[in-house]
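An overview of the molecular structure
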Amino acid sequence: MSTQAVAESRPTKVSTLLDMIIMALHLAMVVLVGLGMIRIAVSGVTGPVQWAGLITGAVLLALYLIGARWRSDAPEPAVGSAMGDRFRTRFWLAAVTTIWVVALVASPDYAWVGFPLFFWHLQLLTRWHAIVAIVLMTTAIIVSPVLHQRPFEVGSVLGPVIGAVFAVLTAMAYETLRDEVMAHRAALAELRRTRDELAAAQHEAGRTAERERLATEIHDTIAQGLSSIVLLSRAAGRDLPEGSARGLVRQVEDVASDNLSEARRFVRDLVPDEETPGLLASLTTLAERAEGDARALGHDTTVGVQAEQVDLGPVLEQTLVRAAQVAVTNAVRHAEAGRIMITMTPLDDEVVLDVVDDGVGFDAVRRGFGLTGLERRVRGLGGQVQIESAPGEGTAVAVRLPRRAASTTRHDEGDADD
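Note that the structure is predicted; figures quoted are calculated from it, not measured.

Regarding its fold elements, the chain presents eleven helices and five strands. Every one of the 418 residues in the chain was classed for burial, and the buried ones make up 36%. Across the chain, contacts joining residues at least 24 apart in sequence account for 70% of those joining residues at least 6 apart. As presented, the chain carries roughly 24300 Å² of accessible surface, and 60% of it is formed by carbon and sulfur atoms.

Structure, rendered in structure tokens:
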């Protein structure tokens with residue numbers, strides 16, 4: 001069995017165990033209430049007392065089974081969510097506990113029914129509220145025989161106390177297993193999503209590689225051969241005298257030129273241009289998205305862009321857009337800025353990007369992961385990042401990149417005969 005199969009089977013097994021615990025709890029409740037009703041029926045007590053004990057027992061069992069039905073209709077093992085919203089589950093628990101107290105007053109034979117209820121108090125209430133409720137219920141179980149004039153015994157105290165401790169430990173173990181199941185399910189969902197994304201990326205990478213291979217083959221064989229035919233036809237046409245032969249050579253040249261254009265179109269279609277739409281357009285789009293994000297967060301933020309349409313090459317443009325994105329995101333999400341300005345200034349030997357905001361600022365010495373990663377990326381291109389900020393004084397991020405870095409990403413387009 002593979003590692004993934006083992007990982008997927010574990011939460012299933014634990015979830016099955018949790019379902020078995022709940023089923024055992026329901027069964028215990030039915031058996032305990034049933035035994036209490038049977039003991040009341042055969043106890044020899046008649047009249048209103050007997051009927052009160054039987055009726056309250058039946059109502060208690062019916063009300064509990066309603067909650068069990070809620071739980072069985074839910075897909076998750078979590079008790080709180082499985083039995084409905086918080087108000088409904090707590091109302092149900094309060095009603096069941098109240099009916100149990102009435103049944104306990106009617107007959108001490110319902111004392112042991114309180115132990116399954118301990119579990120639900122621990123699951124549906126906060127920890128301290130559940131403990132207070134369990135202490136009160138345990139006290140009621142201990143006092144119940146005395147109220148019904150039964151002899152007091154040490155076991156009447158130790159039994160309920162030990163049962164309460166056991167119920168608490170069982171509920172804690174159930175909660176631990178439930179949390180483990182939820183954590184495993186979340187991890188498996190993330191694993192499946194990552195696996196699907198990886199498979200899609202590998203598939204797309206394979207398609208891209210195959211298209212690039214075909215484009216290279218067409219360029220290096222068919223296109224180059226047709227280019228040679230065009231050059232030879234031109235040379236032959238210049239050397240031939242006017243006449244039918246020169247006309248035929250010119251036709252050969254025209255046909256070869258047309259097919260060369262088609263071959264180059266095939267190459268362009270197989271390897272589409274994946275460069276960014278342009279630095280100015282990317283920064284404008286970034287500003288619009290940032291304003292939308294700010295509105296979603298409840299901020300009235302204006303993001304301005306001042307830049308020129310200049311071709312810097314994909315690496316420089318992507319780095320500058322990434323720098324602007326990091327700075328603007330920090331200003332929107334953390335600085336609560338009302339005004340953000342993005343300025344891109346191309347110089348002779350470098351390009352400068354400035355992002356200035358009027359937000360709350362921060363200690364520039366303590367930088368987050370985004371700014372640290374940005375500095376590392378900019379330094380890799382021979383540039384530098386300067387950050388000026390202080391609490392209450394806004395933030396200014398300046399990125400300087402040498403324009404020579406753009407030459408490392410440009411491709412020689414060649415002439416018409418390439």
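Further notes follow.
On the surface, L27, V31, L35, I38 and V42 cluster together to form a nonpolar patch covering roughly 480 Å² of accessible area. Note that L27 resides in helix α1 (residues 3-42).

Here the focus is unusual backbone geometry. With a phi angle near 55°, E336 is a residue other than glycine that sits in the positive phi range. Mapping E336 onto the fold places it in the loop between α10 (314-333) and β2 (339-346). Assessed through its relative accessible area of 52%, E336 is described here as exposed.

Under the definition given, this model contains three salt bridges. Residues D196 and R195 are paired through a salt bridge, measuring 4.0 Å at the closest nitrogen-oxygen approach. Here E350 ties to R400 by a salt bridge, and the two come within 2.6 Å at their closest N and O atoms. Placement of E350 in strand β3 (residues 350-357) and of R400 in strand β5 (residues 395-402) is noted, with a sequence separation of 50 residues between them. A relative accessible area of 30% places R400 in the partly exposed class.

Here we come to the nonpolar core. Counting 34 residues, the largest nonpolar core has L320, I340, I342, M344, L353, V355 and V399 as its most contacted members. Of all the secondary-structure elements, those providing two or more residues to this core are α9 (279-296), α10, β2, β3, α11 (369-380), β4 (384-389) and β5. With ten residues, the top contributor of residues to this core is α10. The contact partners of V355, leaving out residues within four places of it in the chain, are A324, A327, V328, I340, M341, I342, T395, A396 and V397. Ranked by size, the runner-up nonpolar core spans 33 residues in total, among them I22, M29, L54 and L104.

Following both chains from N to C, one finds helix α5 (residues 114-124) and helix α6 (residues 127-147) inclined at 170°, their axes separated by 9 Å at the closest point. The pairing of α5 with α6 is recorded here as roughly antiparallel in orientation. Here G114, F115, L117, F118, H121 and L122 of α5 come into contact with α6, specifically with A130, A133, I134, M137, T138 and I141. Considered class by class, the residues forming the contact of α5 with α6 number nine nonpolar, three polar and no charged.

Right, let's talk about the sheet that holds β2 for a bit. Ordered by their spatial adjacency, five strands build an open sheet running β1-β2-β3-β5-β4, and the pairing between neighbours is mixed. Each edge of the open sheet is held by one strand with a lone partner, namely β1 (302-306) and β4. Across the sheet, the axes of successive neighbouring strands diverge by a mean angle of 10°, strand direction being ignored. The sheet contact formed by β4 and β5 spans six bridges and is antiparallel. Bridge pairing links Q384 to R400 in β5. Where α10 meets the sheet, its contacts fall on β2, β3 and β5, and the angle it forms with β3 comes to roughly 10°.

Interaxial distance between α9 and α10 falls to 10 Å at its minimum, and their mutual angle equals 15°. Viewed along their axes, α9 and α10 adopt a mutual orientation that is roughly parallel. The hand of the α9/α10 crossing is right-handed. For the pair α9 and α10, contact is made by L279, S282, L283, L286, A290, D293 and A294 and by E317, L320, V321, A324, Q325, V328 and V332, respectively. Classifying every residue of the contact of α9 with α10 gives ten nonpolar, two polar and two charged.

Take the environment of A396 next. You can see A396 is positioned in strand β5. C-alpha of A396 to C-alpha of V355: the two residues are 41 residues apart in sequence and 5.8 Å apart in space. With sequence-adjacent residues up to four places away left out, A396 is seen in contact with V355, V356, Q386, I387 and E388.

What counts, and where the lines are drawn
Residues numbered from 1 in each chain as written. Predicted model: local features only at pLDDT ≥ 70, side-chain atom pairs only at ≥ 80, totals over all residues. Heavy atoms only, no water. Helix = DSSP H or I, 4+ residues; strand = E, 2+ residues; numbered from the N terminus. Buried < 20%, exposed > 50% of the residue type's maximum accessible area, 1.4 Å probe, protein only. Contact = heavy atoms within 4.5 Å. Areas by Shrake-Rupley, 256 points an atom, 1.4 Å probe, with all protein chains shown as cover. Patch = residues over 30% accessible without salt bridge, like charges linked within 9 Å, V, L, I, M, F, W, Y side chains within 5 Å. Salt bridge = Lys/Arg side-chain N within 4 Å of Asp/Glu carboxyl O. Core = buried A, V, L, I, M, F, W, Y, C linked by side-chain atoms within 4.5 Å. Axes fitted to C-alpha atoms, helices over the stretch in contact; angles between N-to-C directions. Parallel < 35°, antiparallel > 145°, perpendicular 65-115°, else oblique. Nonpolar A, V, L, I, M, F, W, Y, C, P; charged D, E, K, R; others polar. Pairing = 2+ DSSP bridges. Left-handed = near helix turned anticlockwise from the far one by under 90°.

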